[in-house]
Amino acid sequence: QVQLVESGGGLAQAGGSLRLSCAASGDTFASYAMGWFRQAPGKEREFVAAISSGRSTYYADSVKGRFTISRDNLKNTVYLQMNSLKPEDTAVYYCAANPEGNIATMHYWGQGTQVTVSS
């Protein structure tokens, strides 16, 4: 069982920045595939970004060039740096993990953190 705890959400103005953090449990974090997803009111959850154990990164087209995913294996933490925020980025952001390293499928999810971007 992997525990994921997100932090760093909040309110930002359009054009501003926020950094989300996700702390994961486990002794083999370096081998985890990690991802960020989001769900806006009335919409389905969607993929935002992912990072493999080898630090390959993947982004949704809607955030490419604005968001950066990274990981610190010593701290068992994955980050999502969000720049040039837009009102349409408003959503609950979820951290996800696959300890088996398959980046296409996430097995564990955090509780979510709210991000609100005002215009």
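Everything that follows concerns the structure shown earlier in this document.
Novice: Tell me about the state of the cysteines, and please be specific about residues and values.
Specialist: Across all of its chains, the model carries one disulfide by this definition. Between the sulfur atoms of Cys22 and its disulfide mate Cys95 the distance is 2.0 Å. Sign of the S-S torsion, about -80° for the bond between Cys22 and Cys95, identifies this disulfide as left-handed. You can see Cys22 sitting in strand β3 (residues 18–24) and its partner Cys95 sitting in strand β9 (residues 91–98), a full 73 residues away along the chain. The buried category is assigned to Cys95, whose relative accessible area is 0%.

Novice: Can you explain the pattern of salt bridges? Please cite residues and give values.
Specialist: Enumeration over the complete set of coordinates arrives at four salt bridges. When the shortest N-O distance is used, the salt bridge between Asp89 and Arg38 registers 3.0 Å. Of this pair, Asp89 sits in the loop between β8 (77–82) and β9 while Arg38 sits in strand β4 (residues 33–39), and the two are 51 residues apart along the sequence. Like Asp89, the residue Arg38 is buried in the burial classification. With a shortest N-O distance of 3.2 Å, Lys64 and Asp61 are connected by a salt bridge. Three or more residues are tied together by salt bridges with common partners; here these are Arg38, Glu46, Arg66 and Asp89.

Novice: Break down the nonpolar core for me, with residues and values.
Specialist: Met34, Trp36, Leu80, Met82 and Tyr93 are the most contacted members of the largest nonpolar core, which totals 29 residues. When contributions to this core are tallied by element, the ones reaching two or more residues are β3, β4, β5 (46–51), β7 (67–72), β8, β9 and β11 (113–118). Each residue touching Tyr93, except ones within four places of it in the same chain, is listed here: Glu6, Leu20, Trp36, Phe37, Arg38, Val48, Phe67, Leu80, Met82, Gly112, Thr113 and Val115.

Novice: I'd like to hear about the packing of aromatic side chains, residue by residue, with values.
Specialist: Across all of its chains, the model carries three aromatic pairs by this definition. Judged by centre distance (5.5 Å) and plane angle (65°), the ring pair of Phe29 and Tyr32 falls under edge-to-face. For Phe29, a relative accessible area of 1% translates into the label buried. A connected cluster of aromatic rings, assembled from ring pairs, spans Phe37, Phe47 and Trp109. Over the ring of Trp109 we find Arg45, and its NZ or CZ is 3.7 Å from the ring centre. Lying over the aromatic face of Phe29, Arg71 brings its terminal NZ or CZ to 4.7 Å of the ring centre.

Conventions used here
Throughout this document, residue positions are counted from 1 along each chain, in the order its sequence is written. A pLDDT threshold of at least 70 governs which residues receive local features in this predicted model, and a stricter bar of 80 or more applies before side-chain atom pairs are shown or counted, although totals over entire chains, interfaces and linings include all residues. Heavy atoms throughout the structure, all of them, feed into the side-chain values; hydrogens and water do not. Note on disulfides: each one is a pair of cysteine sulfur atoms within 2.5 Å. Numbered from the N terminus, helices here are DSSP runs of H or I no shorter than four residues, and strands are runs of E no shorter than two. Between buried and exposed lies partly exposed: a residue is buried under 20% and exposed over 50% of the maximum accessible area for its type, with that area taken using a 1.4 Å probe on protein chains only. Any carboxyl oxygen of Asp or Glu that lies within 4 Å of a side-chain nitrogen of Lys or Arg is treated as forming a salt bridge with it. Joining through side-chain atoms within 4.5 Å is the link that ties buried Ala, Val, Leu, Ile, Met, Phe, Trp, Tyr and Cys residues into a set, and such a set is a nonpolar core. We call two residues contacting when some pair of their heavy atoms lies within 4.5 Å. Classification of ring pairs rests on two measures: the distance between centres of Phe, Tyr or Trp rings, Trp counted by its six-membered ring, which must be within 6.5 Å, and the angle between planes, read as stacked under 30 degrees, edge-to-face over 60 and tilted in between. Any Lys NZ or Arg CZ that is within 6 Å of a ring centre and within 35 degrees of that ring's normal is treated as a charge sitting over the ring.

By themselves, these are just geometric observations and shouldn't be taken as functional.
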